[in-house]
Amino acid sequence: MGEIVFKNICKSFGETKVIEDLNLTIRDGEFTVLVGASGCGKTTLLRMIAGIGPATSGELYIDGEEISDVPPGKRGIAMVFQNYAIYPTMTVKGNIEFGLKNRKIPKAERETLIAEVAETVGLTPYLKRKPSELSGGQRQRVALARAMVKKPKVFLLDEPLSNLDAKLRVSMRTELIELHHRLKTTFVYVTHDQTEAMSMADTIVLMDRGKIQQMASPMEIYNDPNNVFTAQFIGTPPMNIQKMKDGKHQLGYRAEKVQLSETKPDLLYARKAVVLTREMLGSETIYKLQLEEADDGSGKTAVMAKTPNLMFEVDSRVYIGVDRKDLYYFDEEGRRLRGDGISPSLEKMTAEGGES
Amino acid sequence: MYEYKKPNKKLLKVKKIVFAVISTFFKLLVCVIFAFPFLWMISTSFKTLYESLLYPPTLLPQNFTVDAYISLFEQVHLERYILNSLIILVSVTLLQVLIMVPAAYAFAKYNFKMKGVLFGAVMVAFMVPTQITFVSVFQMFSKMQLLDTLLPQIIPCICNAFGIFLLRQNFMQIPEELLESARLDEAGELKIMLKIMLPMSKSTLVTIMLLSMIGTWNSYFWPLVMTLHDSVRPITIAIQSLRNLEGGLEWPIIMAGNVILVLPVLILFFLASKKIIEAMAYRGVK
Ligand SMILES: Nc1ncnc2c1ncn2[C@@H]1O[C@H](COP(=O)(O)OP(=O)(O)OP(=O)(O)O)[C@@H](O)[C@H]1O
Ligand SMILES: [Mg+2]
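Residues numbered from 1 in each chain as written. Chains lettered and ligands numbered in written order. Predicted model: local features only at pLDDT ≥ 70, side-chain atom pairs only at ≥ 80, totals over all residues. Heavy atoms only, no water.

Participant: What am I meant to see in the overall build of chain A here?
Facilitator: Secondary structure summary: chain A contains 9 helices and 19 strands in total. Scored against the burial criterion, the 356 residues of chain A give a buried share of 51%. Each charge sign in chain A was given a centre, from 49 positive and 49 negative side chains, and these centres are 7 Å apart. (Helix = DSSP H or I, 4+ residues; strand = E, 2+ residues; numbered from the N terminus. Buried < 20%, exposed > 50% of the residue type's maximum accessible area, 1.4 Å probe, protein only. Lys, Arg positive; Asp, Glu negative; His and termini not counted. Charge placed at Lys NZ, Arg CZ, Asp CG, Glu CD.)

Structure follows, in structure tokens:
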């Protein structure tokens, strides 16, 4: 069990408000990923759950129990810190054992637990080493092992893979997901890498400047963003967002949905463009294109397109088109318009945009 | 055209050798200048009284003898003073550590009321020389009727302000996450201090202890004014009083006493020198 509920949580450091009136429920047993740009308050949230950086006001529940007064060690959580924070003067074994010793777990039991966890993370040959004699990846594993051995009901992981090389990172990702499947406990995982968030999460919590922008499954957050921020944060390249003719509403479409053709396509959204750059990735090609005139009349503007079609040369003239169902509309404040919010006049503006 | 001039390799080599010779010579010279008094002291301590008065003096003892050392213990009973010194040394060192470590931890990692003022008081204590405070301390002990015991030689020295300052600086460099991590591991504050902070500051602590131990072992002025009777006096005062033996200035005995006085300091220094250099050197590795 390990459901975490934030209720009207605020946090300030002195005068600066970092988090204002946050409400959030992290579901039990799920792999929740907190994602957001650097400095948006992800670590701050984790530290609140851990009890080492208490909220300024508001209530925090784990399993329905208000835990503001529960000391960090008694909350049933384990945390992997952004910079590992492994004890430099203890051996790997000492590091893993420290928490167990403090909990007065008998020696024989400790030995089995340590052997077990060391085997899982592949540290068995290094148990006698000091942290200074380990590679970055191995230190990361020590930090993980130290958290795992406590068998917590909530795992807090603060960018645990950020210091690893690309290959090791991918394999550690898989290992963490497997670990989650095996343990079925609550994981709260922090990252600023949206790919990592997309590939690992059951639920993504996307944050910006201390506010939650959207909380949803990776599929939903990609297909059905709530606002411009989410639409642009999730997905590579970010969603194309254009001001519309009225200068207020915004129109968005994903680079993956852009169709390129030599003749004008019969689609709701169709514009003339020039190819600026072409970047071939193998199965797909990313084009950067320039529209002669933005819809709101502000001049030249660039859009991205990602298609399997690689036949367009730089400087060639093409048509870009987007199907009606792949268009996203946002209001002035960047909020998504859905269903009835999309008036026929909006669609008319979309269709006319290029002509005038 | 740009031409690359080959450096004259031979000339470079000669220069290097000349430099090495000169620098080694000077280093040796400095060594001799510093070591000579020590060697002279040791040599004299093994001479007979007669030989020690010869002119011109002999460099090494002609008739090697340990008589001086024997009379130190048989006539002067140096062992009593050594015992006093050891009691003072051990108590002062232990009490200092006992006070210094928690104080430094609190100053480094806690926020509490009056922290600035209290730390200011520590810094003042560190800067005011003992000669200024000794009159009032003397009066205090005199009122408590504790003069002429070991206590006034121990109690005023148990707060090592310099040590608190140095150790605090060291503790402050330890990242907060380590302590938080330990708290998540259910470690109490005492455990954090002993198992995490102290091992990470071992070399600094050893240096502080060593400096304070040398200071305590060598202290002369304070015990002299606080005591009257030989039974509670430390070795330093005994060595000084060797000048007033009945037989006049017996150089071998005085020198033997001094050898015994500096020997523990030298041994300590050699044992701990690696740690001291570690503590003083810039630490680039985390
Ligand atoms: N101890 C502190 N004192 C003052 N401000 C702080 C403190 N800790 C964090 N902040 C501020 O709070 C904000 C959020 O910090 P936080 O560490 O939670 O960001 P983050 O999302 O974890 O970023 P990153 O991805 O870079 O780790 C930042 O603007 C930071 O400057
Ligand atoms: Mg962070």
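Participant: Help me out: how do you make sense of the sheet that holds strand β18 (residues 328–330) of chain A in this one?
Facilitator: Paired through backbone hydrogen bonds, the strands of a sheet run either parallel or antiparallel to each other. Residues and elements named next belong to chain A. Across the sheet, which stays open at both edges, the 4 strands sit in the order β11-β12-β18-β19 with antiparallel pairing between neighbours. Two strands in the sheet have a free side with no partner beyond their single neighbour: β11 (240–243) and β19 (336–337). One ladder, built from 2 bridges, connects β18 with β19; its direction is antiparallel. Within β19, the position partnered with Tyr 329 by the bridge is Leu 337. (Pairing = 2+ DSSP bridges.)

Participant: Would you explain the site of ligand 1 in this entry?
Facilitator: Residue and element names in this part refer to chain A. Surrounding ligand 1, one finds Phe 13, Val 18, Ser 38, Gly 39, Cys 40, Gly 41, Lys 42, Thr 43, Thr 44, Gln 82 and Glu 159. Contacts to ligand 1 include Cys 40, whose backbone N or O atom sits 3.3 Å from an oxygen atom. Contact between ligand 1 and Thr 43: an oxygen atom at 2.5 Å from a side-chain N or O atom of the residue. Sorting elements by how many residues they give to the shell around ligand 1 places helix α1 (residues 42–50) first, with 3 residues. Classifying every residue of the shell around ligand 1 by side-chain character gives 3 nonpolar, 6 polar and 2 charged. (Near = heavy atom within 4 Å. Polar contact = N/O pair within 3.5 Å; in protein donor to acceptor, adjacent residues only side chain to side chain. Nonpolar A, V, L, I, M, F, W, Y, C, P; charged D, E, K, R; others polar.)

Participant: When you look at the coordination of the magnesium ion (ligand 2) in this model, what are you seeing that I'm missing?
Facilitator: Geometry sets the ideal angles at a metal, namely 109.5 degrees for four tetrahedral donors and 90 or 180 degrees for six octahedral donors. Residues and elements named next belong to chain A. In the first shell of the magnesium ion (ligand 2), the protein supplies Thr 43 (OG1) and Gln 82 (OE1), at 1.8 to 2.6 Å from the metal. With Thr 43 in helix α1 and Gln 82 in the loop between β6 (77–80) and α2 (92–102), the pair connects residues that are 39 residues apart, well separated along the chain. Judged by relative accessible area, Gln 82 falls into the partly exposed class, the value being 34%. (Donors = N, O, S within 2.8 Å, 3.2 Å for Na, K, Ca; no water.)

Participant: I tried to follow the domain arrangement of chain A on my own but got confused; where do I start?
Facilitator: Quite often, the size of an interface is put as the accessible area lost when its parts meet. All names here are of chain A. Along its sequence, chain A is carved into domain 1 (4–223) and domain 2 (236–352). Each of domain 1 and domain 2 has a C-alpha centre, and the two are 39 Å apart. Domain 1 puts 4 residues into the contact, and the matching count from domain 2 is 4 residues. Across the interface of domain 1 and domain 2, roughly 360 Å² is buried in total on both sides, 25% from carbon and sulfur atoms. If you sort the residues of domain 1 by the area they bury against domain 2, Gln 194, Tyr 222 and Asn 223 come out on top, with a joint share of 93%. Viewed at the interface, domain 2 and domain 1 are joined by 0 salt bridges. Scanning the region where domain 1 abuts domain 2 turns up 3 residue pairs in polar contact (both at pLDDT 80 or more). Considering every element that reaches the side of domain 1 that touches domain 2, the biggest residue donor is helix α7 (residues 218–223), with 3 residues. In the side of domain 1 that touches domain 2, the residues fall into 2 nonpolar, 2 polar and no charged. (Domains from an automatic or database assignment. Contact = heavy atoms within 4.5 Å. Buried area = accessible area lost by both parts, 1.4 Å probe. Salt bridge = Lys/Arg side-chain N within 4 Å of Asp/Glu carboxyl O.)

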